Amino acid sequence: MTRQDSGAARGFFTRGLILGSAFSLLAAGAAGLALAAPASAAGGLSVSIAATSTWTGGFTDTATITNTSGATVSGWSVQFDLAAGMSVTGFWRASEAASGNQYTFTALSYDMTLTAGASTTFGFQGTDSGGYTAPTNVTVTYPGSVSSPSPSASASVSASASPSASASASASASASAGASPSGSASSASAAFTQADIDAAVAAPLIAFAAPTSGTPRPGTSPSGIKASKALYYLALVDLQDPGAKSTKGTTVDSALLKQVANLVAGGHEPDADGGLEGWAAAPVAQALLLVRHGPVWSELSATQQNDVSLLMAAMGYGGNYAYNDANDFSSGICGFGDFAKTNNPNYEDGYVDVELAAIEYFGPTTWDGMLAGFDDATEAAALDAAGLTNAGGCFTTVGSAADAAIQPAWLWKGHTASDEMGIWNQLAEDTFDQTVTSSVSGTSNGASVTAHIADGSTSPEQGLLGMGHEFDTTDSGGLRSSALYVYEGWMNVTGSRVAMTATGGFNCANAAGASQYKVGSLDLIYKLDHGYISYAQSQSAVLVDDTGDPSDGPVSKGWIYDYDAYDANVVGQAC
């Protein structure tokens, strides 16, 4: 059955500011962000709207609804007008209806009941053609109330503020991150597939074997990759659809808590090699970023929170060792060979995506400071003391030679840590740099062959720029045209986009690579749905599809989680 992409708009999500003993961030006011004054409606609900960031051509606002009465209120609706030239392009934690420039946001089922003194938030992102103007004619109503106008929001925000720019931060790299986040990203009632929720909740507890040799690598096994995707998917659902349950009644939150606890229990975590094992490490890193912003974070013990931060940092250090522009190694930090940072995108994507997650987790300024203070012996000892011996063993292997390689500030293809959208754009443009075609002819292992869509149909994206790089390239066997290799690049670039979206770091206004990514995604999804006969050094007329072929193909590597995350977050975005 052919999958149909949903056209429903999905949410954009505001970046949460990480607070805690290790992360001291500047207050929003220091960035020039002013809050709108609270306003009340008859009956005891008040609403205030804050401009949380603006940039040239766009803005993000957050509305806070507070029950100022002495009784529980169930159900609410907020209405306001935007100035001419402004429009809403994305929203979260509420449903939206528009008539011209008048917008109405209504409570979702899980968030409609406010006890006395309680508050909740929703948010929206939009475009403006003439500079930001705060919403006017703001009203809030609930059952039994009379709609009354609220004073207009009057936030004035510096046009230099960017939705993808973190507040400045200073931190001690060795300090514990024990406190729960404050102002973490709003979640949304994203439309996830119940069968996929059931599968993720029922997934075995994640556990990686210790890295003992170059082949096989624990992080490249289909089972390891799928386990990482289940963790990532649970973290995404828990953030965006709080209270979600399996059909058997198990909450996503409780399943995620068990998975994270097992991940950092000792000897279960992915290693920090920096190489091809990014296929599994990237979803883990993206999951930890989502966990840091989600409700499960406060349910972890202080020790578990610290271990999560230790693991995230370790994987990020491995990524900087492997991919920093200043470095050129033939192996990752675990010492396994056959590595080059110039390998095809499906190889490269994983650990650059790990690095992007680490930057998002700690913040660019803090992360570069942690890199500058890196000491291999200290890192290995800290990981081993926490029982994270898979990662710790890699730093023991590489030794002090890693210090000079890891200490430079992150720089990849000219993109610094503060250029998060630039990093994603580069990944997208590298991964999807071909013109779409539905068949590719060449020579494979000495024979003339043609890779093609299995049913002979034509991709709807035919002729457009954005086909996956590894649909039309070569390797030592000749023609390399593989839907599996393209999928392995797509899955990590998609994971980064989804995680950045869910935590507020993805900005369509700066997404230069989004057009190629969109074409490449639709082309790949079509080819997987119709089947693609693939060729490469290790593939000869291999059918790759989204129903189970080959045995180490997309389905075995967590396709259902990738697709559902993509459908719930990327489809319907403005770019």
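If you're wondering where the values come from, they're calculated on a predicted model, not measured in any experiment.

Novice: Describe the overall build of the chain, naming the residues involved and giving the relevant values.
Specialist: Assigned secondary structure in the chain consists of 14 helices and 24 strands. Burial statistics for the chain: of 575 residues in total, 58% are counted as buried. For the chain, contacts bridging at least 24 residues in sequence account for 77% of all contacts bridging at least 6. Accessible area of the chain: about 19400 Å², with a carbon and sulfur share of 53%.

Novice: I'd like a rundown of unusual backbone geometry, residues and numbers included.
Specialist: In this structure, P550 follows D549 across a cis peptide bond, with omega equal to -15°. Even without a glycine there, the phi angle at N445 is positive, about 50°. Here N445 lies in the loop between β18 (439-444) and β19 (447-453).

Novice: So what about helix α13 (residues 514-530)? Which residues, and what values?
Specialist: The periodicity of an α-helix, 3.6 residues per turn, causes residues three or four positions apart to be oriented the same way. Look at α13: 24 Å from first C-alpha to last across 17 residues, which is about the 24 Å you get at 1.5 Å a residue. Downstream of α13 by a residue or two, G531 has a phi angle that is positive, lying close to 85°.

Novice: Give a description of the environment of A116 that names residues and reports values.
Specialist: Here A116 is to be found in the loop between β10 (113-114) and β11 (119-128). Judged by relative accessible area, which is 43%, A116 ranks as partly exposed. Sequence separation between A116 and T68 is 48 residues; the distance between their C-alpha atoms is 6.6 Å. In this structure, A116 is in contact with N67, S69, G70, A71 and T72, ignoring residues within four places of it in sequence.

Novice: Account for the packing of aromatic side chains, with residues named and values stated.
Specialist: Under the defined criterion, the tally for this structure stands at 29 aromatic pairs. Considering the side-chain rings of Y233 and Y561, the 5.1 Å spacing of their centres and the 40° angle between planes classify their relative orientation as tilted. Taken together, the residues Y233 in helix α2 (residues 222-240) and Y561 in helix α14 (residues 559-569) connect sequence positions 328 residues apart. Classification of Y233 by relative accessible area gives buried; the value is 1%. Taken together, F59, W76, F80, Y103, F105, F122, F124 and Y132 form an aromatic cluster joined through their ring pairs.

Novice: Explain the pairing of β19 to me, using residue names and the numbers behind them.
Specialist: Two elements, β18 and β19, share six bridges in a ladder whose sense is antiparallel. Residue pairing in the sheet places T443 in a bridge with S448 of β19. A loop of two residues connects β18 with β19, the two strands running antiparallel in sequence, and N445 in this loop sits at a positive phi of about 50°. Pairing analysis gives two bridges linking β19 to strand β23 (residues 532-536), with the strands arranged antiparallel.

Novice: Can you lay out helix α11 (residues 420-431) for me, pointing to particular residues and giving the numbers?
Specialist: For α11, spanning twelve residues, the distance from its first C-alpha to its last is 17 Å, which sits close to the expected 16 Å at 1.5 Å a residue. With respect to burial, α11 is a largely interior element, eleven of its twelve residues being buried. Along α11, the positions that sit buried rather than exposed are E420, M421, G422, I423, W424, N425, Q426, L427, A428, D430 and T431.

How each quantity is defined
Residues numbered from 1 in each chain as written. Predicted model: local features only at pLDDT ≥ 70, side-chain atom pairs only at ≥ 80, totals over all residues. Heavy atoms only, no water. Helix = DSSP H or I, 4+ residues; strand = E, 2+ residues; numbered from the N terminus. Buried < 20%, exposed > 50% of the residue type's maximum accessible area, 1.4 Å probe, protein only. Contact = heavy atoms within 4.5 Å. Areas by Shrake-Rupley, 256 points an atom, 1.4 Å probe, with all protein chains shown as cover. Expected span 1.5 Å × (residues − 1). Phe/Tyr/Trp six-rings, centres within 6.5 Å; stacked < 30°, edge-to-face > 60°. Pairing = 2+ DSSP bridges.

In short, the description is geometric, and any link to function would need to be established separately.
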